[in-house]
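Chain by chain, the residues:
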Amino acid sequence: MHPYEFAQDVRESRYVEGDSGGLADLLTLLSAHNEYAVEDLIALDGRDFVASATAALRGRLPGPAQYQIAASDLHMWQKLDLLIELDAANRKDGRRIRTNIRQVDRLLWHLHRRLTGLGLATAGRLAFAFFRWRARRLGTRLAPDTSLRRMLLRSLRQPQGKPSPAPSRRRVVIANLYPVWPVMHGGQRRIFFLARELSRTFDVEIVTPQIRGRDRIITFNPHLREIRIKTEPGYDRQLDAIEQTVEMASDAAYALHWAKCRNYQAALAARLAGADLCVSSHPYSIHALLDARCAQPIPLIYDAHNVEVRLKAPLLEQHPALLDAVRAVETTAVDEADLIVCCSPDDIQGLRDDYDVERVPLHLVANGVDARGVPTLTAEARRRIRHALHDTRTGRLAIFAGSYHYPNFEAADRILALAARMPEITFLFVGSVCGYQALKRSHAVNVIRLGEVDESTKWLAFQVSDIALNPIESGSGSNIKTFEYAAGGLAVLSTRFGARGVPPELRDQFILCEPAEFGRRLAELALRDDETLRRIGAATRAAALACADWAVIGQRYREHVSALLDRYDAPVISVA
């Protein structure tokens with residue numbers, strides 16, 4: 001008899017976390033089987049885990065005392081301990097035993113192999129040894145001065161035994177200060193899609209702190225996953241204090257207080273053990289990465305999304321201490337990197353002007369778009385959606401997409417001014433920029449705010465629009481929105497500054513102008529017939545496919561990474 005594949009039921013959507021009806025179905029499924037996999041149960045969290053574990057081992061729902069331990073997210077060691085306690089309670093009460101020592105051994109060996117496969121060999125050995133001993137104690141509690149955390153620390157000092165065979169792929173660790181999935185803004189897109197392209201050749205792990213969330217591992221493919229580690233309350237309080245004073249300063253806050261994320265530091269150090277490369281996407285994780293890397297000879301890539309000091313200067317001009325922190329962390333990232341990759345030629349020049357980068361190679365790895373993954377929309381669907389957006393109005397639909405970011409606020413102000421003068425055009429805003437106060441206060445009938453939306457809705461919004469707007473005049477890096485406009489097959493109207501970092505063959509398809517000409521060029525473009533706009537959009541999309549798809553950009557990036565690794569005999573570390 002094979003063990004019950006509880007995880008398969010989860011994958012088939014027979015259970016949805018937090019859904020009481022789904023939980024009842026889950027308990028029915030569990031109670032019908034005497035065998036279960038430990039790692040399947042510990043994939044759940046909170047009250048759902050306690051309920052499922054109690055049903056699996058005790059055959060009933062938990063009582064209030066058991067539910068009380070799930071007031072917050074549980075660590076893996078707490079979950080395993082509860083499983084053993086529940087089984088021990090069966091023995092103590094003389095109930096039918098749902099597992100026996102041989103079953104526990106088999107399940108723990110299964111868990112041990114899973115952990116070892118994830119590179120956690122020490123944790124795997126300890127889990128097997130400790131929890132088998134725990135089961136044999138039949139419910140006897142640990143002494144107050146003994147905890148699994150202490151045993152874990154002791155085990156790290158023990159000889160590691162026979163080393164595991166070397167992996168067939170080299171391993172890359174990316175450190176970043178925020179999770180990247182789901183991808184909602186430009187920074188997340190760059191990190192995720194470059195990591196996806198690296199995973200064609202390497203095993204890639206993105207390791208991030210998770211503010212007010214829970215520990216979580218998301219696997220995207222067999223060679224790419226994101227590991228999130230919950231931050232401690234002390235760090236959360238520091239972050240809140242800074243954000244109450246300065247908007248959009250969470251990155252600077254992390255640069256100052258990264259050491260308070262102790263659990264994250266431990267996880268990052270564990271993932272860096274034996275890694276071949278580390279990437280820092282943004283400079284803000286650099287101190288955390290250097291601390292976790294310790295003395296290991298792992299090469300480090302700095303993925304510079306912007307020239308951070310130049311980007312943050314307008315926002316932090318009244319807060320010199322935070323601006324100094326940004327400058328210090330960017331200086332360290334530049335000084336410690338073995339390779340720097342930038343989004344645009346302007347940023348390469350900016351780093352050369354502001355820092356001593358003569359010793360380190362700088363390469364252009366531009367932003368891009370998942371052009372091949374853009375969904376298609378039928379003419380009838382497009383007509384229906386446009387009618388719903390426009391009601392009974394006619395005229396052009398112009399779209400602006402952006403995150404909650406200072407340069408996008410400036411662009412939104414310019415578009416609102418155009419909306420007041422151009423009632424025949426409907427202006428559609430997408431993304432967290434919709435939280436900007438001036439947009440929230442606007443009651444113009446030709447301004448629509450969609451807010452933050454999922455990927456499908458975003459692409460629908462692009463495909464029902466006629467014209468894409470990018471009146472950006474400040475900032476650093478490059479504007480990923482321009483690549484997405486192009487992949488969506490739109491006619492793109494942009495300032496020349498807004499098209500920085502766009503490959504020349506794609507940039508040539510844009511309608512470019514100076515900021516003072518933006519309104520006039522928009523009026524002219526709106527008068528073009530539908531066929532002309534479609535023809536412009538089709539040429540723009542073809543250029544995006546040829547030169548700006550992440551697959552094309554990722555190939556160049558892999559070549560730079562491979563060349564760096566070839567220069568090192570030791571593993572390389574990547575910081576994001």
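> Can you break down the state of the cysteines residue by residue, with the values?
This structure, assessed with the given rule, holds zero disulfides. With no disulfide partner, Cys343 has as its closest neighbouring cysteine sulfur the one in Cys342, 7.2 Å distant. By relative accessible area, which is 1% here, Cys343 ends up buried.

> Explain the packing of helix H12 (residues 250-257) against helix H16 (residues 320-336) to me, and be specific about the residues and the numbers.
Between H12 and H16, the least distance of the axes is 9 Å, while the angle of their chain directions is 70°. Judged on the interaxial angle alone, H16 and H12 are roughly perpendicular. Relative to H16, H12 is oriented so that their crossing is left-handed. Residues Ala252, Ala255 and Leu256 of H12 form the contact with H16, whose participating residues are Leu322, Ala325, Val326 and Val329. Among the residues forming the contact of H12 with H16, the class breakdown is seven nonpolar, no polar and no charged.

> Before we move on, can you summarise helix H26 (residues 550-566) with the specific residues and values?
Given 3.6 residues to a turn, an α-helix orients residues that are three or four positions apart in the same direction. In this model H26 runs 24 Å from its N-terminal to its C-terminal C-alpha over 17 residues, within 8% of the 24 Å that 1.5 Å per residue would give. By the burial criterion, the buried members of H26 are Trp550, Ala551, Ile553, Gly554, Tyr557, Arg558, Val561, Leu564 and Leu565. The buried residues of H26 occupy an angular sector of 145° when the element is viewed end-on, so they sit on one face. Residues of H26 that are buried make contact with helix H10 (186-198), strand S5 (277-281), strand S6 (300-304), strand S7 (339-342) and helix H25 (530-547). Of the residues that open H26, the one with a side-chain oxygen 2.9 Å from the backbone nitrogen of Ala551 is Asp549.

> A description of the environment of Ala543 should follow, citing residues and the corresponding values.
Its place among the elements puts Ala543 in helix H25. Filtering out sequence-adjacent residues up to four positions away, Ala543 remains in contact with Glu505, Leu506, Gln509 and Ala548.

> Can you lay out the nonpolar core for me, pointing to particular residues and giving the numbers?
Ranked by internal contacts, the top residues of the largest apolar core, which has 62 residues, are Phe427 and Leu506. Broken down by element, this core gets its largest block of residues, seven residues, from helix H19 (residues 406-421). Of all hydrophobic cores here, the second largest spans 51 residues; its members include Tyr284, Leu300, Leu351 and Tyr355.

> Got a sec to walk through the environment of Met422? Specific residues and values, please.
Mapping Met422 onto the fold places it in the loop between H19 and strand S10 (425-430). The buried category is assigned to Met422, whose relative accessible area is 7%. Once the C-alpha coordinates of Met422 and Gly519 are considered, the two residues, 97 residues apart in sequence, prove to be 9.0 Å apart. Dropping the residues within four chain positions of it, Met422 is found in contact with Phe427, Asn446, Gly519, Leu522 and Ala523.

> An account of the pattern of salt bridges is requested, with residue identities and associated values reported.
A full pass over the atoms with the stated rule returns 27 salt bridges. The partner of Glu531 in a salt bridge is Arg534, with the nearest N and O atoms 3.4 Å apart. Of this pair, Glu531 and Arg534 both sit in helix H25, three residues apart, which is roughly one turn of that helix. Residue Glu531 is classed as partly exposed on the basis of its relative accessible area, which comes to 42%. For Arg534, a relative accessible area of 51% corresponds to the exposed category. Three or more residues joined by partner-sharing salt bridges are found here, namely Arg196, Glu197, Arg200, Asp370 and Arg558.

> Summarise the packing of helix H21 (residues 455-464) against helix H22 (residues 480-487); cite the residues concerned and give the values.
Two elements in contact, H21 and H22, have axes separated by 9 Å at closest approach and are oriented at 65°. Considering the angle they form, H21 stands roughly perpendicular to H22. The crossing of H21 and H22 is right-handed. Between H21 and H22, the residues in contact are Lys458, Trp459 and Phe462 and Glu484, Tyr485 and Ala487, respectively. The residue makeup of the contact of H21 with H22, split by class, is four nonpolar, no polar and two charged.

> With reference to specific residues and values, describe the packing of aromatic side chains.
Inspection of every chain in the model, using the stated rule, returns 11 aromatic pairs. Members of the aromatic cluster, connected to one another through ring pairs, are Trp181, Phe192, Phe193, Phe220 and Trp550.

> Please give an account of the pairing of S6 that cites residues and values.
Here S6 lies mainly inside the structure; five of its five residues are buried. With burial as the criterion, each face of S6 is covered, one bearing Leu300, Tyr302 and Ala304 and the other bearing Ile301 and Asp303. Handedness of the crossover joining S5 and S6 through helix H14 (residues 286-293) is recorded here as right-handed. Judged from the four bridges that link them, S6 and S7 form a sheet pairing that is parallel.

> So what's going on with the confidence of the model for the chain? Residues and values would help.
Within the chain, residue pLDDT values average 77, and 69% of them lie at 70 or more. Of all helices and strands in the chain, the one with the weakest mean pLDDT is helix H9 (residues 148-156) (34), whereas strand S1 (residues 171-175) scores best (97). Residue range residues 96-108 is modelled with pLDDT below 50. Its contacts to residues more than four positions away, or to other chains, number 40 contacts.

> Go over the sheet that holds S10 with me, naming the residues and quoting the values.
Strands sit in the order S11-S10-S9-S12-S13-S14 across an open sheet of six strands; the sheet is parallel. Looking at the sheet topology across the chains shown, the edges are occupied by strand S11 (447-451) and strand S14 (511-513). Adjacent strand axes in the sheet meet at a mean angle of 25° when their direction is disregarded. This element, H21, spans strand S9 (396-401), S10 and S11 of the sheet and lies at about 140° to S9.

So, how was this worked out
Residues numbered from 1 in each chain as written. Predicted model: local features only at pLDDT ≥ 70, side-chain atom pairs only at ≥ 80, totals over all residues. Heavy atoms only, no water. Disulfide = S-S within 2.5 Å. Buried < 20%, exposed > 50% of the residue type's maximum accessible area, 1.4 Å probe, protein only. Axes fitted to C-alpha atoms, helices over the stretch in contact; angles between N-to-C directions. Helix = DSSP H or I, 4+ residues; strand = E, 2+ residues; numbered from the N terminus. Parallel < 35°, antiparallel > 145°, perpendicular 65-115°, else oblique. Left-handed = near helix turned anticlockwise from the far one by under 90°. Contact = heavy atoms within 4.5 Å. Nonpolar A, V, L, I, M, F, W, Y, C, P; charged D, E, K, R; others polar. Expected span 1.5 Å × (residues − 1). Arc of directions from axis to C-beta. Polar contact = N/O pair within 3.5 Å; in protein donor to acceptor, adjacent residues only side chain to side chain. Core = buried A, V, L, I, M, F, W, Y, C linked by side-chain atoms within 4.5 Å. Salt bridge = Lys/Arg side-chain N within 4 Å of Asp/Glu carboxyl O. Phe/Tyr/Trp six-rings, centres within 6.5 Å; stacked < 30°, edge-to-face > 60°. Right-handed = clockwise from strand over helix to strand, strands pointing away. Pairing = 2+ DSSP bridges. pLDDT = per-residue confidence, 0-100.

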